[in-house]
Amino acid sequence: MEKTIIINIGNTIIHIEESAYELLKSYLTEVKMHFANHADDLEIVTDIENRIAELLTEQLGQQKKQVVDTETVNMVVAQMGKVQDFETSEDEGPQPVLEESYQYHAQKKLYRDMDERIVAGVCAGIAHYINIEARWVRLIMVISVILGGAGIMFYGLLWIIMPKAESRLEKMEMKGEPANLQGFQKNLDEELQAVKERLKVVNQHAQPLFAQLGTFIGEFFEWFGTFMSGTGKVIFKLIAGFIVFVGFIFLISLLISLAAILGFYDGNAYHYFPLSIINYSYRNSLVFAVFIVLIIPILALVLFSIRVAFNRMAINKTFSYALLIIWLGGVAATGYYIAKISSEFKEHAELSQSVELKKMTVYILDMDKSMIFSKQDSLEYQIDQYDKNRIVIDNPEDNPFSAPRDLKIDIEKSDNGKTSLIQVYAAQGKTFKLALQNAQNINYHYQQKDSLLIFSPRLQLKTESNWRAQRAKMTLKIPIGTIIKIKHNSYRYINNYGWDCDSQEGNTHNDYSIWQMTDEGLKCKYELDHPAKTDQQN
Amino acid sequence: MIAENTQTQMRKGILEYCVLSIISRGEIYASDIIAELRAAKLLVVEGTLYPLLTRLKNNGLLSYNWVESTSGPPRKYFTLTAVGRDILTQLDQTWHELAYAVGVSQQGAKP
């Protein structure tokens, strides 16, 4: 069995076996080449083709066959005669003319090599011209691109200027090969055209520049398209593969953290600020909803990347719609809980309480970071409350999220000559009642040890109560004339007074500043003792 | 090699004369010319004939008619033009001179 080709030769349709076709084609190519420089090449070749067609038809009729095979072609070729025989018999020998053309073609020309190109064949073309391997030219080009990028301009310019080697003939000119018969293996029409071009058009490269530019732009986009579907595709796939990899790790870590938060974590995290807002009863649902909101887009990204990287759908449409619905559900649940929690900040309530302190002429105001535990806390943390030497220090107070430290301390003049502390606790809640309840949940500690007043820097909330903007305001009322030494660490809670008193002379070695209550409020003791000096300074 | 060259040179000149002579006998198709040449034992391939015919035609010695063929494309049937006949007469003359020259050369001048 052999493949059959239908050819049109001399306006006759002939079925011919592929191998026979190759043979016939090469013969006709030789014939065309032989007469290429002949004045009447077309006519002669047409005559010969017509005759061949006639002979083939005749042979088919005689042999009662439908398809031309190699044997028939050989027979016909023998009758027509080999090209070498033409040369010896033909008086107007084309040989000298051909030799001339050999010399003409042996001259090299600068073309872009479209067969061995990487981008537009400029480097390969130059390499042919100066007869070195293309890789060295490319290397130089790449180096010049890296060193300042002049190579890009140069390359673009050459791309525009250099014509591309399209016909066989141009390719031979590019390589400096003589235009011999072996070189011509292309199909008949192209060959004929190339031969004619050689005869007619010597100066065809004098194309107008804008036409070259048009070709350049066209080719550039063609190249870009090839790049995007070739190398570019590979790059996209690599990126997609990377996303799949990272995405999987992220998904797994999210799953682990979900399991940890829901199942194993003891809930200590909920004592600290942003999480402490969440109501105990909502906690698991909200965590789950947020988890869904986070995980599904990542999952979608991973699935999309899989599609890009491996060219196939990882999931079907139904499943992706299901994912979308679940995600929307997660968003809705999250929104619901957030709205619900926000509503619990609607009402405001305050709780005030006044305590009389032991009267002293001098007070020292200090802050103590050590946590003061209730009996319940002590049991929880397994601290023996009778072990007096043990002190538990709170986590660093600089952490803004550990607990909003809404503590304010005011120092005011006492009207009744007694020392008292007014404690005001405030909180938000859905209703006034709930807000009040939240305010009552505040566990605030202070201590008086004779003249020493120790305040805790933070509010503690009772177990399982949520952060509802709980605030505490301590107003210390002291009679006129009372001296109060304020430790440095208390300044930030007493926003009325600052460091200005501290910088006064004679006060540099202490970690406190001395103040005295006057009729007009608290004054710096140093300023009261040295009024003149202060005036001068002012 | 030298013999071959000389043979080629001789054949080249004679071929054209023979072809013209064959055509002078009446309208004829290219492959029939070949057959005639073969019969005359002037071995030649068809491929050689076409350029020759084309050149003679372009020089005004020949003209042709398209004749429909039963087996394939239309055929070119060649005839001599007036110019062709004129030249053939001249060639006949030349041939006789040459034949005489060759005969004399081979057998020596008859006294």
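Residues numbered from 1 in each chain as written. Chains lettered and ligands numbered in written order. Predicted model: local features only at pLDDT ≥ 70, side-chain atom pairs only at ≥ 80, totals over all residues. Heavy atoms only, no water.

A few words now on the overall build of chain A. Across its full length, chain A holds 19 helices and 14 strands. Considering only intrachain contacts with a sequence separation of at least 6, the fraction spanning at least 24 residues in chain A is 70%. Working note: accessible area of chain A is about 30800 Å², and carbon and sulfur atoms make up 59% of it. (Helix = DSSP H or I, 4+ residues; strand = E, 2+ residues; numbered from the N terminus. Contact = heavy atoms within 4.5 Å. Areas by Shrake-Rupley, 256 points an atom, 1.4 Å probe, with all protein chains shown as cover.)

What follows covers unusual backbone geometry. What is expected of a backbone is that most residues other than glycine have negative phi and most peptide bonds are trans. All names here are of chain A. Phi at asparagine 131 takes a positive value of approximately 60°, unusual for a residue other than glycine. Along the chain, the position of asparagine 131 falls in the loop between helix H6 (122-130) and helix H7 (134-146). In this structure, aspartate 450 takes a positive phi of about 55° despite not being glycine. Tracing the sequence through the fold places aspartate 450 in the loop between strand E8 (446-449) and strand E9 (452-455). Accessibility expressed as a relative area gives 45% for aspartate 450, which makes it partly exposed. (Buried < 20%, exposed > 50% of the residue type's maximum accessible area, 1.4 Å probe, protein only.)

Turning to the interface of chain A and chain B, a few remarks are in order. Opposite the 28 residues of chain A that make contact, chain B presents 26 residues. Summing the contributions of chain A and of chain B, the shared interface buries around 2200 Å²; its carbon and sulfur component is 50%. Along the contact surface separating chain A from chain B lie five salt bridges. With a shortest N-O distance of 2.2 Å, Arg75(B) and Glu54(A) are connected by a salt bridge. Counting every contact that joins chain A to chain B gives five residue pairs in polar contact (both at pLDDT 80 or more). For the side of chain A that touches chain B, the secondary structure elements donating two or more residues are helix H2 (41-63), helix H3 (70-80) and helix H4 (83-89) of chain A. Class assignment of the residues belonging to the side of chain A that touches chain B gives a composition of eight nonpolar, nine polar and 11 charged. (Buried area = accessible area lost by both parts, 1.4 Å probe. Salt bridge = Lys/Arg side-chain N within 4 Å of Asp/Glu carboxyl O. Polar contact = N/O pair within 3.5 Å; in protein donor to acceptor, adjacent residues only side chain to side chain. Nonpolar A, V, L, I, M, F, W, Y, C, P; charged D, E, K, R; others polar.)

So, about the sheet that holds strand E5 (residues 407-413) of chain A. To summarise the sheet geometry, strands pair through backbone hydrogen bonds and adopt either a parallel or an antiparallel arrangement. All names here are of chain A. In space, the four strands of this open sheet follow the order E3-E6-E11-E5, with mixed pairing throughout. Of all strands in the sheet, those with a lone pairing partner are strand E3 (347-356) and E5, marking the two edges. Along the sheet, successive strands turn relative to each other by an average axial angle of 15°, direction set aside. Relative to strand E11 (residues 471-478), E5 runs parallel, the two sharing seven bridges. Considered in E11, the bridge of isoleucine 411 is made with leucine 476. Contacting E3 and strand E6 (420-429), helix H17 (residues 432-440) runs over the sheet at an angle of about 40° to E3. (Pairing = 2+ DSSP bridges. Axes fitted to C-alpha atoms, helices over the stretch in contact; angles between N-to-C directions.)

Turning our eyes to something else, we now look at the nonpolar core. Core analysis: the largest hydrophobic core is formed by 50 residues, its most contacted members being Ile52(A) and Val19(B). The element that contributes the greatest number of residues to this core is H2(A), accounting for eight residues. When sequence neighbours within four positions are dropped, the list of residues in contact with Val19(B) reads Ile33(B), Leu37(B), Leu49(B), Leu52(B), Leu53(B) and Leu56(B). With 30 residues, the next largest nonpolar core counts Ala439(A), Tyr444(A), Tyr493(A) and Trp515(A) among its residues. (Core = buried A, V, L, I, M, F, W, Y, C linked by side-chain atoms within 4.5 Å.)

Moving on, we come to a nonpolar patch on the surface. Together, Leu110(A), Tyr129(A), Ile130(A), Ile132(A), Trp136(A), Leu139(A), Val142(A), Ile143(A), Ile146(A) and Leu147(A) line one region of the surface with nonpolar side chains, adding up to about 980 Å² of accessible area. Sorting the residues of the nonpolar patch by element identifies H6 and H7 of chain A as the ones contributing at least two each. (Patch = residues over 30% accessible without salt bridge, like charges linked within 9 Å, V, L, I, M, F, W, Y side chains within 5 Å.)

The tally for this structure, following the rule as stated, stands at 18 salt bridges over all chains. Between Glu43(A) and Lys76(B) there is a salt bridge whose closest N-O contact spans 3.6 Å. Remark: Lys76(B) occurs in strand E3 (residues 75-80) and Glu43(A) occurs in helix H2; the pair is interchain, linking two chains. Here Lys76(B) falls in the buried class, since its relative accessible area comes to 9%. The residue Asp366(A) makes a salt bridge to Lys487(A) at a minimum N-O spacing of 3.7 Å. Of this pair, Asp366(A) sits in strand E4 (residues 362-367) while Lys487(A) is found in strand E12 (residues 483-487), placing the two residues 121 residues apart along the sequence. Given the relative accessible area of 14%, Asp366(A) is considered buried. Here the salt bridges share partners, and the residues they tie into one network are Glu43(A), Asp47(A), Lys57(B) and Lys76(B).

What follows deals with the side chain of Thr419(A). Residues and elements named next belong to chain A. Along the chain, the position of threonine 419 falls in the loop between E5 and E6. One polar contact links threonine 419 to tyrosine 363, side chain to side chain, over a distance of 3.0 Å. Excluding residues that lie within four positions of it along the chain, threonine 419 makes contacts with Glu356, Leu357, Lys359, Tyr363, Leu476, Lys477, Ile478 and Pro479.

Next up on the list: the pairing of E4(A). Residue and element names in this part refer to chain A. Two strands pair when backbone bridges link them, and E4 and E12 are joined in this way by four bridges, in the parallel orientation. When the bridges of E12 are listed, isoleucine 364 appears paired with lysine 485. Bridge analysis of E4 against E9 gives four bridges, and the strand direction is parallel. Bridging from a neighbouring strand, leucine 365 pairs with leucine 453 of E9.

Moving on, we get to the confidence of the model for chain B. All names here are of chain B. On average, residues of chain B score 84 in pLDDT, and 95% of them reach the 70 mark or higher. Per-element mean pLDDT across chain B ranges from 82 in helix H1 (residues 2-24) up to 90 in helix H4 (residues 82-107). For this predicted complex, the interface score ipTM comes out at 0.81, alongside a pTM of 0.41. (pLDDT = per-residue confidence, 0-100.)

An ideal rise of 1.5 Å per residue puts 38 Å on 26 residues; H4(B) measures up with 37 Å between its terminal C-alpha atoms. Positive phi appears at Gly108(B), one or two residues downstream of H4(B), with a value of about 85°. (Expected span 1.5 Å × (residues − 1).)

Here the focus is the sheet that holds strand E2 (residues 62-67) of chain B. All names here are of chain B. With antiparallel pairing, three strands are arranged side by side in an open sheet as E1-E3-E2. What marks the edges here is a single partner per strand, and that holds for strand E1 (28-29) and E2. Judged from the two bridges that link them, E1 and E3 form a sheet pairing that is antiparallel. Among the inter-strand pairings, tyrosine 29 is bridged to a residue of E3, identified as tyrosine 77.

What follows covers the environment of Met228(A). Residues and elements named next belong to chain A. Structurally, the position occupied by methionine 228 is in helix H11 (residues 209-229). Taking the relative accessible area as the measure of exposure, methionine 228 reaches 31% and is therefore partly exposed. Beyond its immediate chain neighbours, meaning those up to four positions away, methionine 228 contacts Lys233 and Phe236.

Residue and element names in this part refer to chain A. Relative orientation of the contacting elements H6 and H7 amounts to 125°, with a least axis distance of 8 Å. With respect to their mutual orientation, H6 and H7 come out oblique. Remark: the crossing between H6 and H7 carries right-handed chirality. Residues Cys123, Ala124, Ile126 and Ala127 of H6 form the contact with H7, whose own contacting residues are Ala134, Val137, Arg138 and Met141. (Parallel < 35°, antiparallel > 145°, perpendicular 65-115°, else oblique. Left-handed = near helix turned anticlockwise from the far one by under 90°.)

Per the stated rule, a full pass over the model turns up 10 aromatic pairs over all chains. Ring pairs connect the aromatic residues Tyr155(A), Trp159(A), Phe220(A) and Phe221(A), which therefore count as one cluster. Sitting above the plane of the Tyr64(B) ring, Lys76(B) keeps its charged end 4.8 Å from the centroid. (Phe/Tyr/Trp six-rings, centres within 6.5 Å; stacked < 30°, edge-to-face > 60°. Lys NZ or Arg CZ within 6 Å of the ring centre and 35° of its normal.)

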